[in-house]
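Next come the chains, spelled out residue by residue.
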Amino acid sequence: MSFELIFYQYQKMVYNLALQYTQNTEDAEEIAQDVFVKISQKLDGFKNESSLKTWIYRITINTSLDFLKSKNSKKRFFFGLFRDSDHENRQNEPIDFNHPGVVLEQKEEVMKIFSFINMLPNDQKTAVILLKIEGNSQQETAEIMNLSQKAVESLFQRAKKNLLQKLNQQKEYER
Amino acid sequence: MKDKSSKYVMEDQLQILENIKKVEAPSELYAQILGKIGDQKKDFVSSKWILTAAAAILILISFNIKLIENTEDSSKSDFGTLFMVKSQNTFSYE
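Residues numbered from 1 in each chain as written. Chains lettered and ligands numbered in written order. Predicted model: local features only at pLDDT ≥ 70, side-chain atom pairs only at ≥ 80, totals over all residues. Heavy atoms only, no water.

A. Representation of the pattern of salt bridges in the model. Applying the stated criterion across every chain yields a total of seven salt bridges over all chains. Residue K71 of chain A is joined to D27 of chain A by a salt bridge in which the shortest nitrogen-to-oxygen separation is 2.5 Å. Separated by 44 residues along the polypeptide, K71 of chain A in helix α3 (residues 52–80) and D27 of chain A in helix α2 (residues 25–42) bring together distant segments of the chain. Here K71 of chain A falls in the partly exposed class, since its relative accessible area comes to 21%. The shortest N-O distance in the salt bridge between K22 of chain B and E134 of chain A comes to 3.6 Å. Of this pair, K22 of chain B sits in the loop between α1 (2–18) and α2 (29–43) while E134 of chain A sits in the loop between α6 (122–133) and α7 (138–145), placing the two residues on different chains. (Salt bridge = Lys/Arg side-chain N within 4 Å of Asp/Glu carboxyl O. Helix = DSSP H or I, 4+ residues; strand = E, 2+ residues; numbered from the N terminus. Buried < 20%, exposed > 50% of the residue type's maximum accessible area, 1.4 Å probe, protein only.)

So, in structure tokens, the structure goes:
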């Protein structure tokens, strides 16, 4: 399969997945570029141990997480200069929220839930994104994450518990 | 009761995520990727050049080692002469 064909078949999937991680079009575009550069470099070495779609999913997830890690460490350095009590919360707030897939009426609510999702550990965040936003089945998610279905279910339940805890914390804070 | 309402809120919030629509990737994405791939190829140094550079560094290092060894030999011989002179002096005291 040629690189061009792969690009046109998977560009939408890669861009949207990157968008769920970053909630920002510019960042998602940068990640999508990096993903396809990596694909072009590694395509010859791709062994059909997993499907092409799963392989591309994994590259996109890893690239997105690396991108966020480096972005957050830059942010941490900047906010470290002006550290205060709200530091941790501010770090995960999608300040530059720009998600074209979110309808305007739900923007506030989605922004709030994304700010909590961004605080989750990477594996829980990935489970929520793949299952709830990307609409993958538990089996597909397990294959992409290279885990058992039970492990994915447990990750998702833990993510839900953590999100609920954060929601309640915010409710109490608002009172 | 509180748990029930919290659960309801959580499920509701997660349902909202299912409403996020898929969007099209930017039209200029492919051209940008080809540009990036091209830039990386330009920056790429061929293995031939890497081998030549490694060989040159190796030759330089071995040349330096030889040079240091020769210098050490000559300083050793100076020291030997000095020692001999000293021992001769000791002998003369006896």
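B. Broad picture of helix α8 (residues 149–174) of chain A. Here α8 of chain A is 26 residues long and its end C-alpha atoms lie 37 Å apart, about the 38 Å a rise of 1.5 Å per residue gives. Among the residues of α8 of chain A, V152, L155, F156, A159, K160, L163 and L167 of chain A are the ones counted as buried. (Expected span 1.5 Å × (residues − 1).)

C. Representation of the interface of chain A and chain B. Across the contact, 43 residues belong to chain A and 28 residues belong to chain B. Carbon and sulfur atoms make up 64% of the surface buried where chain A meets chain B, a total of about 3300 Å² over both sides. Inspection of the region where chain A meets chain B yields four salt bridges. With a closest N to O distance of 3.2 Å, E24 of chain B and K12 of chain A form a salt bridge. (Contact = heavy atoms within 4.5 Å. Buried area = accessible area lost by both parts, 1.4 Å probe.)

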